[in-house]
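# Structural features, examined
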Amino acid sequence: MTDQTTHSTPPAESGVFRRFLDSDLFYDFSRRPIIILSALLTVVIILAAAFAPWIAPHTPFDPASLNLMDGFTPPMEPNAFTGNVYWMGTDSQGRYIFSAILYGARISLLVGFAAVAFAAILGITLGLIAGYKGGWIDTVIMRIADVQLSFPAILVALLIFGISKSLIPNEMQEQAAIYVLILSIGLSDWVQYARTVRSSTLAEKNKEYVQAARLFGVSSLRILARHILPNVMGPVLVIGTIGLALAIILESTLSFLGVGVPSTQPSLGTLIRVGNEFLFSGEWWITLFPGFTLLILALSVNLLGDWLRDALNPRLR
Amino acid sequence: MKKTLRAVTLGTAISMIMIASANAQTLRWASAGDSLTFDPHSQNHGQTHAVAHQIYNPLIYLDLDSEMQPGLAVSWEVTDDPSVWEFKLREGVTFHDGTPFTADDVVFSFQRAQHPNSDMRTLISSVKEVRAVDPLTVHIETNGPTPLLPNNLTNLFIMSKVWAEANNVLTPQDYSAGEENFAVRNANGTGPFRLVSRDPDVRTEMVRNDEYWGMGEFPMEISRIVLTPIQSAATRAAAMLSGEIDFLQDVPVQDINRLNNSANITMLSAPENRTIFFGMDQGREELRTSDVKGANPFADIRVREAMNIAINRDAIQQVVMRGQSVPAGMIAPSFVNGWTAELDTVPETNVNRAKELLTEAGYANGFTVTLTCTNDRYVNDEAICQAVTGMLGQAGINVRLDARANSIHFAELQQGELDFFILGWAVPPLDSHYVFDFLLETKTPDTGAWNFTGWSNEEFDSLSRALPTETDLDERNAKIARAWEIVQDEIVYLPVHHQVLNWAVRQDIDFAVQSQNQPMLKYLSFK
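Residues numbered from 1 in each chain as written. Chains lettered and ligands numbered in written order. Predicted model: local features only at pLDDT ≥ 70, side-chain atom pairs only at ≥ 80, totals over all residues. Heavy atoms only, no water.

### Re the overall build of chain A
- Looking only at helices and strands, chain A has 14 helices and zero strands in total.
- Mapped from its N terminus to its C terminus, chain A presents α and β elements in the order α-α-α-α-α-α-α-α-α-α-α-α-α-α.
- Expressed along its principal axes, the backbone C-alpha trace of chain A runs to roughly 80 × 50 × 30 Å.
- Across the 317 residues in chain A, those meeting the buried criterion constitute 45%.
- If you take every contact in chain A between residues at least 6 apart in sequence, the share linking residues at least 24 apart comes to 68%.
- Of the accessible surface of chain A, which amounts to about 16,300 Å², a share of 68% is contributed by carbon and sulfur atoms. (Helix = DSSP H or I, 4+ residues; strand = E, 2+ residues; numbered from the N terminus. Buried < 20%, exposed > 50% of the residue type's maximum accessible area, 1.4 Å probe, protein only. Contact = heavy atoms within 4.5 Å. Areas by Shrake-Rupley, 256 points an atom, 1.4 Å probe, with all protein chains shown as cover.)

### Remarks on the packing of aromatic side chains
All names here are of chain B.
- In total, this model carries 34 aromatic pairs over all chains according to the counting rule given.
- Judged by centre distance (6.2 Å) and plane angle (75°), the ring pair of tryptophan 213 and phenylalanine 218 falls under edge-to-face.
- Judged by relative accessible area, tryptophan 213 falls into the buried class, the value being 15%.
- Centre to centre, the rings of tyrosine 434 and phenylalanine 438 are 5.0 Å apart; their planes meet at 50°, and the pair counts as tilted. Of this pair, tyrosine 434 and phenylalanine 438 both sit in helix H13 (residues 432–440), separated by four residues, roughly a single helical turn. (Phe/Tyr/Trp six-rings, centres within 6.5 Å; stacked < 30°, edge-to-face > 60°.)

### What about the nonpolar core?
- Judged by nonpolar contacts, the single largest core of 221 residues is most densely connected at B:Ile316, B:Trp425 and B:Leu439.
- Setting aside residues up to four positions removed in sequence, B:Leu439 forms contacts with B:Phe277, B:Ile331, B:Leu423, B:Trp425, B:Trp450, B:Asn451 and B:Tyr493.
- Counting nine residues, the second-largest nonpolar core is a separate cluster that includes A:Ile35, A:Ile242, A:Trp307 and A:Leu308. (Core = buried A, V, L, I, M, F, W, Y, C linked by side-chain atoms within 4.5 Å.)

### Here's the deal with the pairing of strand E10 (residues 224–229) of chain B
All names here are of chain B.
- Bridge count for strand E1 (residues 26–31) against E10 is six bridges, and the pairing is parallel. Its bridge partner being in E10, arginine 28 is matched across the sheet by valine 226.
- Alignment of strand E9 (residues 203–208) against E10, held across four bridges, turns out to be antiparallel. Its bridge partner lying in E10, methionine 206 is registered against isoleucine 225. (Pairing = 2+ DSSP bridges.)

### Digging into the interface of chain B and chain A
- Facing the 26 residues of chain B at the interface are 21 residues of chain A.
- With both chains or domains summed, chain B and chain A bury close to 1,900 Å², and 54% of this area falls on carbon and sulfur atoms.
- Counting the surface chain B buries against chain A, the share from its top three residues, B:Val319, B:Arg322 and B:Gln386, is 27%.
- Between chain B and chain A we count one salt bridge in total.
- Of the charged contacts, one joins B:Arg322 and A:Glu283 as a salt bridge, the two residues approaching to 2.8 Å between their closest N and O atoms.
- Linking chain B to chain A there are ten residue pairs in polar contact (both at pLDDT 80 or more).
- Those elements that provide at least two residues to the side of chain B that touches chain A are helix H6 (233–241), helix H9 (313–320) and helix H11 (381–395) of chain B.
- The element best represented in the side of chain B that touches chain A is H11(B), accounting for nine residues.
- A breakdown of the residues in the side of chain B that touches chain A according to their chemical character gives 13 nonpolar, eight polar and five charged. (Buried area = accessible area lost by both parts, 1.4 Å probe. Salt bridge = Lys/Arg side-chain N within 4 Å of Asp/Glu carboxyl O. Polar contact = N/O pair within 3.5 Å; in protein donor to acceptor, adjacent residues only side chain to side chain. Nonpolar A, V, L, I, M, F, W, Y, C, P; charged D, E, K, R; others polar.)

### So, the pairing of strand E16 (residues 420–425) of chain B
Residues and elements named next belong to chain B.
- Counting buried positions along E16 yields six of six residues, so the element is predominantly enclosed.
- Here E16 shows two buried faces, one formed by Phe420, Ile422 and Gly424 and the other by Phe421, Leu423 and Trp425.
- Strand direction decides the pairing type here: strand E12 (residues 265–280) and E16, joined by six bridges, are antiparallel. The partner of isoleucine 276 across the bridge, within E16, is glycine 424.
- Both strand E14 (residues 368–374) and E16 contribute to a ladder of two bridges, which runs parallel. Within the sheet, the bridge partner assigned to leucine 371 lies in E16 and is phenylalanine 420.

### Comments concerning the side chain of B:Asp381
Residue and element names in this part refer to chain B.
- Structurally, aspartate 381 is set in helix H11.
- One buried charged residue, aspartate 381, forms no salt bridge at all, with the nearest opposite charge on arginine 377 at 7.4 Å.
- In this structure the side chain of aspartate 381 is engaged in a polar contact, spanning 3.0 Å, whose partner is the backbone nitrogen of tyrosine 378.
- If we ignore the near neighbours within four places in the chain, the residues touching aspartate 381 are Cys373, Thr374, Asn375, Asp376 and Ile422. (Lys, Arg positive; Asp, Glu negative; His and termini not counted.)

### A closer look at the packing of helix H14 (residues 458–466) of chain B against helix H15 (residues 473–490) of chain B
All names here are of chain B.
- One can describe the packing of H14 onto H15 by two numbers: an axis separation of 9 Å at closest approach and a directional angle of 150°. Between H14 and H15, the interaxial angle falls into the category roughly antiparallel. Our pair here, H14 against H15, has a crossing hand that is left-handed. Across the interface between the two elements, Glu459, Phe460, Leu463 and Ala466 of H14 pack against Lys479, Arg482, Ala483, Ile486 and Val487 of H15.
- When the residues that make up the contact of H14 with H15 are grouped by side-chain class, the tally is six nonpolar, no polar and three charged. (Axes fitted to C-alpha atoms, helices over the stretch in contact; angles between N-to-C directions. Parallel < 35°, antiparallel > 145°, perpendicular 65-115°, else oblique. Left-handed = near helix turned anticlockwise from the far one by under 90°.)

### Some remarks on a nonpolar patch on the surface
Residues and elements named next belong to chain A.
- On the surface, Val147, Phe151, Leu155, Leu158, Phe256 and Leu257 cluster together into a nonpolar patch covering about 540 Å² of accessible area.
- When you line up the elements, leucine 257 lands in the loop between helix H12 (220–256) and helix H13 (268–276).
- For leucine 257, a relative accessible area of 51% translates into the label exposed. (Patch = residues over 30% accessible without salt bridge, like charges linked within 9 Å, V, L, I, M, F, W, Y side chains within 5 Å.)

Shown next as structure tokens:
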């Protein structure tokens, strides 16, 4: 398009950042206000979650820091007993909703990123092997993927979660809950990556540069890692972004169902579940604010992912 | 013309359906937790008895006003020998399977309830022998005079001997060992309803027993009962509001106002015969879940006192219970013999003093321990535990919370596996001895059945064990007072509050709340 020349021959003094600013991708990005807003919101939530211990007025995971008498304070109204005012109110145990959301988003994002990373690494590895080796290895990996695809992700995650829970001794379950969650969401989501990477690998492995590398006697492992992998990462990035939104929602769903992280270390989904108990009695703020945060986060990440998919797809240009 | 005819036909059909449904009244009953078992002698557990009362009968039962009423016995009195009670049995009663009820069934049921597997045996530990004098007369001989024997029989259900023999259920289910027998999911009683289907924790269905001895005497307007446990508080309230259920036993405290304001729902409320408290294993050398090794912090009375004054019971009442509880200083509500306002005084909360006490006991940096809680048994049980976790944390005790279903909780508790646990206790005989007998006497095969604290006190045991046969009422009450004094001084348990009972019924239902939280559905009628 307009800066095709800059793209192919970048000026010597510019770094990666300069190249990014000059790219088609950024040009497209800078012309879509909704995508800019989504990116901003995502960054703000991620930063807020990352720096939660410095931003949050108190640590909601530490029961000793709570005052029960502050419980059920409505937003922007003084508590009936203590007179304290909190701008998002407090929950049943006197946790500030604002602090709980920051820490909850931290757990949700941590689980989301870790699960996506786990799923991507597993999926990419299996996809590369299947695509490059072919034959029976390809058949076995892809049939497993097909079988798993026929089950909804939430079912697979629930199944893996249940099995892991029964294998872990009772006293370690609370500490292990978050890793089990990452494992179960990751394992339920690797298929997408494997299928995409496999099809790209099938196309790439017959290209001249791969053939050349082979003629030089480069090992299969090195060809996969240094030559093929960089060329199949584009689509993976797109799936990863959309996958992040899905993983956050899946984590919240599991926690909402009560099988995710324990209520003493609430994620956004746990906060919504706990608040849900009080919807009928009119304490709407306990569930509404975490729910709204989840909505914003999932929507922003999803919009970003969709945009990235369209922007990187040459056929849609 | 055709249209009118069709409308009339339709109208007639609808009204006929409505009449039919009025005659066949189904009661959809929901509670937070389910009955643990239908084996009537396996568990001494409130909700288990509450469900069993619809199917089985005891000799004597407590009516809606908690007054003793003749069940399968029509009269009971002490004979010339003060150690022998004579019970005259009801004539013409049959079990659900058609076999007639006789004195042999009473003898058999008492023997069964005295088996080591039975959780009811503590209640009748004073019973020496039960004799059938004739088919409708039973003599119960006790070890010494036992004036309060009838009070202990209100949840002791009578089973058919023939049925038990035929189905190989001569001994009660060993609940804590996870055993099942035929009587766990099947039942054959003499009660107002018969069991049709049983799916534990999901759905239990009963239909009216038209051969019931009380037909005509009680309203008996329900033809079918469907009992569905609903663990989630919001779902329970929603089910009641949407008319999906007709009778809700455990109304979430946060939804009382909402249900009260609904025109289709009547709220029934009364002080409940149940106290919620925490127990601590004081007898072990070392706790299972604590970072303190080689010593048991709970064995030190200073630690127990620190915990006692670290818990802010008024805050729990005001915030967690929304006023629907009475903060407690003892494990017995005001209508139990032995209760005094002084004993029930709530200790003043003082976190600084608690820290001092912990420092004196050598735990200046606190210690960790796991608190095990139910999340479907008592009103807001998990929230109470969360609040207490925070309060103890402020004093320096780092509590980990493990909340789970009551079926798991009680099985583990009875295997003696818990360091720090929640428990609720009702006192159906309305006398302090019941509390002493189950919760406080030294644990032996016959006493202290629910004493999982490892606490043992000789003076207390001798006072408590003298109570059943003490005939001088003043002397007896003096002993009860002294026994409570020991319990209070030793801080064996940490009482939290007495529950307030809240039931919700459809507005066209006429029913009264019973402080035992045992709905006797034979009394329920439709307006």
